[in-house]
Amino acid sequence: AMATGTPIVAAIRDEGEALLKEAGAGIAVPIGDVEAMIHAVQTLVRDRSARELFSKKGRAYAEANLSPERVKQSYLNILEGVRNG
């Protein structure tokens, strides 16, 4: 979703929530909190500037951090670290 510039509303926690916040790509709501999900979606529907900001930030984050080449290099770095102790 970030790579396409789609603003995100997600019921997540832990690393997923941290990633969404770091990227500035959308709104995280507590898992199982229907009211919070409804409110977050309504916020995006009503607030064009928020949608545009989440879209722009998400796309920029994906381009900078989630390209296939970047992800591949990250995995290679991890494997090198394991190999080298």
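Summarised in this report is the structure supplied together with it.

1. Details of the overall build of the protein chain
Each helix and strand in the protein chain was counted, giving 4 helices and 2 strands. When the helices and strands of the protein chain are placed in sequence order, the string is β-α-β-α-α-α. By the compact-globule yardstick of 12 Å for 85 residues, the protein chain is too spread out, its C-alpha radius of gyration being 16 Å. Counting across all 85 residues of the protein chain, residues that qualify as buried make up 22%. Here the contacts in the protein chain between residues at least 6 apart in sequence split such that 45% fall between residues at least 24 apart. By element, 57% of the accessible surface of the protein chain is carried by carbon and sulfur atoms, the whole surface being about 6,100 Å². If the 11 positive side-chain charges of the protein chain are averaged to one point and the 11 negative ones to another, these points end up 6 Å apart.

2. Thoughts on the packing of helix 2 (residues 34-46) against helix 3 (residues 48-65)
The N-to-C vectors of helix 2 and helix 3 enclose an angle of 100°; their axes lie 5 Å apart at closest approach. In terms of orientation, helix 2 and helix 3 fall into the roughly perpendicular class. Contact residues: Leu44, Val45 and Arg46 in helix 2; Arg48, Arg51 and Phe54 in helix 3. Of the residues assigned to the contact of helix 2 with helix 3, the class counts are 3 nonpolar, no polar and 3 charged.

3. Things to note about unusual backbone geometry
Here the phi dihedral of Asp14 falls at roughly 60°; this positive angle occurs in a residue that is not glycine. Its place among the elements puts Asp14 in helix 1 (residues 14-23). Classification of Asp14 by relative accessible area gives exposed; the value is 58%.

4. Comments concerning the nonpolar core
Counting 8 residues, the largest nonpolar core consists of Met2, Ile8, Ala10, Leu20, Ala23, Ala25, Tyr61 and Ala62. Elements supplying a minimum of two residues to this core: strand 1 (8-11), helix 1 and helix 3. Residues within four places of Ile8 in sequence aside, it is in contact with Ala1, Met2, Leu20, Ala25, Gly26 and Ile27. Listed in part, the 7 residues of the second largest apolar core include Ile27, Ala40, Ala50 and Phe54.

Analysis parameters
Residues numbered from 1 in each chain as written. Predicted model: local features only at pLDDT ≥ 70, side-chain atom pairs only at ≥ 80, totals over all residues. Heavy atoms only, no water. Helix = DSSP H or I, 4+ residues; strand = E, 2+ residues; numbered from the N terminus. Rg over C-alpha atoms; globule rule 2.2 N^0.38 Å. Buried < 20%, exposed > 50% of the residue type's maximum accessible area, 1.4 Å probe, protein only. Contact = heavy atoms within 4.5 Å. Areas by Shrake-Rupley, 256 points an atom, 1.4 Å probe, with all protein chains shown as cover. Lys, Arg positive; Asp, Glu negative; His and termini not counted. Charge placed at Lys NZ, Arg CZ, Asp CG, Glu CD. Axes fitted to C-alpha atoms, helices over the stretch in contact; angles between N-to-C directions. Parallel < 35°, antiparallel > 145°, perpendicular 65-115°, else oblique. Nonpolar A, V, L, I, M, F, W, Y, C, P; charged D, E, K, R; others polar. Core = buried A, V, L, I, M, F, W, Y, C linked by side-chain atoms within 4.5 Å.

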